[in-house]
Amino acid sequence: MTVDMLLLSAILMGAVFLFALEVFPVDKVSALVLSALVAFRLISPEQAIAGFGNPATVTVACMLALSYGIQTTGVLNYLANKFVDLARESEFRLLVSIILAVGLLSAFINNTAAVALFLPLTMTAAREHDLDPSKLLMPMSFAAMFAGTCTLIGSSTNLLVYSLAMEHLNWSIGMFEFTQVGLLFFAAGTFYLLVIGRHLVPSRRTSDSLTEEYHLRHFVTELILRDDSPLIGKSIAETNFREKYGLEVIEILRDKTRLLPTAVGTKLQDNDILLVQGPPQALLQIQDSHGVTIKALTLQDQDLEDENIVLVEAFISPTSRLVDSTVKEVNFRQTFKANTLAIRSHGRTIRQKIGTIRLEHGDSLLILTSREQLNVLRQSPDFLVLEEVRRSVLRKDKLFYGAAIFLGIILLVSFNLLSIVEAAVIGTGLMLLTGCLRLHDLYSHLPWQIIVMLACLIPVGSAMENTGLANLIATRLVAELDVWGPVAVLSGVYLLTSTLTSVMTNNATAILMIPISLSTAQHLQVNPQPFVMAVLFAASASFMTPIGYQTNLFIFGPGGYKFTDFLKVGAPLNLLFWILASVLIPLFWPF
């Protein structure tokens, strides 16, 4: 093994470590990987920037824009609501409807967008009929994942593999090239979820009350201002409660009126009651010096709400700009005119020092805000507000244009009249021209994290070829499995890809494995297409961890799941798909 191979191996192992532990967001890790490749001269400057102009990056960006464009017309919301309304009374019927509806949409729009659309609908339907949302959300995510393998535009991974196959093999994968296998995967996955998986999915619902669900009942205290309090006449900011004592004022009770600390010009008065979060030591410290009386409070939702103020749960959306920022850094209270009372991240509920917690996709925030400001939060690309179904600004007058453009793209690519890259770029331009998309939408609603990650990681493939590492790994793989024949080697490629996807992102794994799969086929002197398909399907079928696929990460918080829940439900499904792929792929793409 050469020095360059050792360097590249160290960089890749470091990336896997950072991806697995989620030390940094995936786009930051990707940028660090690109920087390291350039610094150690494992790629040329031209190769370093090639990812930003790569057809995969452009196509994924345009298809994500098209997915959002068709979503704003309201046609997807209409279809989603109809499916959910068909089976609201029964958990089983509702689960069937959700799997089929998410599957249908995920085959033609980005599956993360499909899950984001169905998440509030599913949560609302579950609560209306006293069903546990956690029994529905994990199957919904899994269905979106395996349905994404039914068409070329079903997931960003498919488009990435298409671009890499075009670059290395001059193989233009068709719109429905792998639909037959994808439908078999979808049928098998649906059968597993309905017959076995739904019994393995745990029930994680604790309460219908948000204060109880976030264990907030005993973490809020009432401070009553005495007549001699030096706080009288001051604003909340002037009290320095947060900076000096680590106390967070949630709400001000004045007679029968509730005021938010963000209200402009609000000055404290005698007998005001402050609802405060913070450590007991700090409360005792200010009791005498600030002229307040401490009163313990067993909190309920109605203790915080009235006709003007509402307690809601909001989730960090796939397109949120708040990722990798803290509540304090974004000045949440002033920016959004709302108070964050607690954060749930990776199954942990955090109630103290929440201003220091770095937000991630799928984190849930317990927010207290005015009803007027709630409407602003609903329209923000940073949140999904799930207390009520998200009311997006729909442009129903553009429905015909949006549907015609989207269907036109599918038909043009299906009949090989345009490549997927050409169709995606033209379609985005038409969406902008007809008003289905606005420039503001492109900047605020696209998941730039995915686009930056792709642009930064695509040069990894060049580095693996430049150093010979892909060839070395392929040689070892063939040496171990060739005695059992090419099917065994193909099965090994699928298993390795699926395992890596469990600890890395799906796109990062595909970029890493395509050069290895192509070198493997070259060593065996067989058709490389089945190996490319093995990577495509395996990278989109990692059900064992919440970090392997963005849809899993997205439902992790809302479902209240633990890491082991994915392992228990997803491991058998991974095994089933591994066996299916080993049998079906050689039949449809012979060696």
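Up top is the structure these notes are about.
Throughout, residues of each chain are indexed from 1 in the direction in which the sequence is written. It should be noted that, the model being predicted, local features are given only for residues of pLDDT at least 70 and side-chain atom pairs only at 80 or more, the latter also being counted only at that level, while totals for whole chains, interfaces and linings use all residues. With hydrogens and water stripped out, all remaining heavy atoms of the structure feed into the side-chain values.

## Re the nonpolar core
The criterion is simple. A nonpolar core is a set of buried Ala, Val, Leu, Ile, Met, Phe, Trp, Tyr and Cys residues joined through side-chain atoms within 4.5 Å. Residue burial is assigned from relative accessible area. The probe radius is 1.4 Å, only protein chains are included, and a residue is buried under 20% of its type maximum, exposed over 50%, and partly exposed in between. By size, the foremost hydrophobic cluster in this structure holds 148 residues, and its most contacted members are Phe142 and Phe537. Numbering goes from the N terminus for both helices and strands, where a helix is a DSSP run of H or I of at least four residues and a strand is a run of E of at least two. With eleven residues, helix α7 (residues 111–128) is the single largest residue contributor to this core. Should any heavy atoms of two residues lie within 4.5 Å, those residues are counted as being in contact. Other than its neighbours up to four places away in sequence, Phe142 contacts Leu193, Phe543, Asn552, Phe566, Val569, Gly570 and Leu573. Among the nonpolar cores identified, the runner-up in size contains 22 residues, and Leu322, Val323, Ile354 and Leu359 belong to it.

## With respect to the pattern of salt bridges
Every case where a carboxyl oxygen of Asp or Glu lies within 4 Å of a side-chain nitrogen of Lys or Arg is listed as a salt bridge. Applying the stated criterion across every chain, the model contains six salt bridges. The salt bridge partner of Glu238 is Lys267, with a shortest N-O separation of 3.6 Å. Within this pair, whereas Glu238 is found in helix α12 (residues 236–239), its partner Lys267 is found in the loop between β3 (257–259) and β4 (273–277), the two being separated by 29 residues in sequence. Using a relative accessible area of 40% as the deciding quantity, one classes Glu238 as partly exposed. The class of Lys267 is partly exposed, set by a relative accessible area of 37%.

## Structural notes on the environment of Asn54
Mapped onto the elements, Asn54 comes out in the loop between α3 (45–50) and α4 (55–72). Classification of Asn54 by relative accessible area gives buried; the value is 9%. Expressed as a C-alpha distance, the spacing of Asn54 and Phe543, which sit 489 residues apart in the sequence, is 29 Å. Polar contact is defined as a pair of N or O atoms within 3.5 Å, subject to the rule that within protein one atom must be able to donate a hydrogen and the other to accept it, and that residues adjacent in sequence are counted only when both atoms are side-chain atoms. Among the polar contacts made by the side chain of Asn54, one reaches the main-chain amide nitrogen of Ala56 at a distance of 2.8 Å.

## Focus on a nonpolar patch on the surface
Each patch is built from residues that are more than 30% exposed by relative accessible area and take part in no salt bridge. Like charges join if they lie within 9 Å; nonpolar side chains (Val, Leu, Ile, Met, Phe, Trp, Tyr) join within 5 Å. Per-residue and other accessible areas were derived by the Shrake-Rupley procedure at a 1.4 Å probe size, with only the shown protein chains allowed to occlude residues. On the surface, Leu184, Leu575, Ile579, Val583, Leu587 and Phe588 cluster together into a nonpolar patch covering about 550 Å² of accessible area. Looking at which element gives the most residues to the nonpolar patch, the answer is helix α26 (residues 563–588), with five residues. Position of Leu587 relative to the elements: it lies in helix α26.

## A few points about the sheet that holds strand β10 (residues 383–385)
Judged by pairing direction, the sheet is antiparallel, and its five strands sit side by side in the order β8-β7-β9-β6-β10 without closing on themselves. Each edge of the open sheet carries a strand with a single partner, namely β8 (348–350) and β10. Neighbour-to-neighbour, the strand axes of the sheet open up by a mean angle of 30 degrees, direction not taken into account. Alignment of strand β6 (residues 309–316) against strand β9 (residues 364–370), held across seven bridges, turns out to be antiparallel. Residue Leu311 lies in a different strand from β9, and its bridge partner there is Leu368. Against the sheet, helix α16 (residues 371–379) engages β6, β9 and β10, with an angle of about 135 degrees to β9. Each pair of strands is called paired provided DSSP finds at least two bridges between the two strands. Every axis in this analysis is a line fitted to C-alpha atoms, fitted for helices over the stretch in contact. Angles between the N-to-C directions lie between 0 and 180 degrees.

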